[in-house]
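# Analysis of the macromolecular model
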Amino acid sequence: MPSRLFNRLQVFRSKPWSYQVKFLGFKTLQLANLLGALHLLSYVGTISPMSGPSMLPTLANEGEVVIENRWSHRWNPDSLRRGDLVTLRSPLDRTRIICKRVIGLPGDVICVDPTGQKAPSTEHVVVPRGHMWIIGDNAAYSRDSRDYGPVPMGLIQGRLFARIWPIREFTIFRNPTTYLDY
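Rules and cut-offs
- Residues numbered from 1 in each chain as written.
- Predicted model: local features only at pLDDT ≥ 70, side-chain atom pairs only at ≥ 80, totals over all residues.
- Heavy atoms only, no water.
- UniProt positions renumbered as here; feature names shortened; annotations may be inferred.
- Helix = DSSP H or I, 4+ residues; strand = E, 2+ residues; numbered from the N terminus.
- Polar contact = N/O pair within 3.5 Å; in protein donor to acceptor, adjacent residues only side chain to side chain.
- Contact = heavy atoms within 4.5 Å.
- pLDDT = per-residue confidence, 0-100.
- Phe/Tyr/Trp six-rings, centres within 6.5 Å; stacked < 30°, edge-to-face > 60°.
- Buried < 20%, exposed > 50% of the residue type's maximum accessible area, 1.4 Å probe, protein only.
- Salt bridge = Lys/Arg side-chain N within 4 Å of Asp/Glu carboxyl O.

UniProt's Subcellular location (unreviewed entry) comment on the chain is quoted here verbatim: "Mitochondrion inner membrane".

Summarizing the sequence annotation, UniProt attributes the feature "domain: Peptidase S26" (unreviewed entry) to residues 37–113 and 120–165 in the numbering used throughout. For the annotated span residues 37–113, helix accounts for 16% and strand for 36% of the residues, and the straight-line distance between the end C-alpha atoms is 43 Å.

Glancing now at the side chain of R163. Tracing the sequence through the fold places R163 in strand β9 (residues 156–165). Polar contacts involving the side chain of R163 include one to the side chain of E64, which spans 3.0 Å. Beyond its immediate stretch of four places on either side in the chain, R163 contacts T58, L59, E64, V65, V66, E169, F170, T171 and F173.

Bringing the confidence of the model for the chain into the picture now. Overall, the prediction assigns the chain a mean pLDDT of 87, with 96% of residues at 70 or greater. For the chain, per-element mean pLDDT is lowest for helix α3 (residues 72–75), which scores 80, and highest for strand β8 (residues 151–152), which scores 96.

Before going further, it helps to examine the packing of aromatic side chains. When we look at a pair of aromatic rings, we describe it by the centre distance and by the angle of the planes. Applying the stated criterion across every chain, the model contains 3 aromatic pairs. Where F12 meets F23, the ring centres are 5.4 Å apart and the plane angle is 55°; that geometry is what we call tilted. Of this pair, F12 sits in helix α1 (residues 2–14) while F23 is found in helix α2 (residues 17–44), placing the two residues 11 residues apart along the sequence. Accessibility expressed as a relative area gives 19% for F12, which makes it buried. When the ring of Y19 is compared with that of F23, the centres are 6.0 Å apart and the planes differ by 20°; the resulting orientation is stacked. Of this pair, Y19 and F23 both sit in helix α2, 4 residues apart, roughly one helical turn. Classification of Y19 by relative accessible area gives partly exposed; the value is 36%. Accessibility expressed as a relative area gives 32% for F23, which makes it partly exposed. Counting every residue linked through ring pairs, the aromatic cluster contains F12, Y19 and F23.

Let us now look at the pattern of salt bridges. Think of it this way: side chains of opposite charge can pair up when their charged atoms draw near. Under the definition given, this model contains 8 salt bridges. Ionic pairing is found between D108 and R82, a salt bridge with its closest N-O pair at 2.7 Å. Here R82 lies in the loop between α3 and β3 (85–89) and D108 lies in the loop between β4 (97–104) and β5 (109–111), a separation of 26 residues in the sequence. Here D108 matches R82 in class, with each residue buried. Salt-bridge contacts for D137 lead to R101; the nearest nitrogen and oxygen are separated by 2.8 Å. Of the two residues, D137 is situated in the loop between β7 (131–135) and α4 (145–148) and R101 in strand β4; the sequence distance between them amounts to 36 residues. By relative accessible area, R101 is classed as buried at 15%. Salt bridges sharing common partners tie together D113, D144 and R146.

Before going further, it helps to spend a moment on unusual backbone geometry. With omega at 0°, the peptide bond leading from L56 into P57 counts as cis. Mapped onto the fold, P57 is located in the loop between β1 (45–50) and β2 (64–69). Here the residue pair W165 and P166 is connected by a cis peptide bond, since its omega of 0° sits within 30 degrees of zero. Among the structural elements, P166 can be located in the loop between β9 and β10 (171–172).

Below, the structure written as structure tokens:
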């Protein structure tokens, strides 16, 4: 293998100077295009590993990979719905990305903790404009809005689209939530 590479390098060096410049310029342009495409892709969607117990049983404790839709909520913020699975920057540590379920949107009256584990189940709050109420599916092992209150929508990174790994667990996430609007 190293000898093949060495031979190719010798052939390249034997070419005229103008060919070498054009070739290197073309390869540099290809690399710039690839990096630009990867950068743009991070705004449209991305593949992310998931870990942690807060979203059990929807997501496993570790070893799952999902596709995030990072475009729709930026293009149309009103597209977020109660029941959507979202990734967002942690309000407690902005370097961490967390995954939770949207329970309340601006203007909703939310029971702070229906489980009664962290607050009396009679305590309610109105979600302010530009914020949402999030909770982990495994409430006993989740730090969420019950701990830090309504979360700014600006922290949202994306909405989960599908679980792609492990393959036998492939799932396209559909929002199962129905609610009554009075």
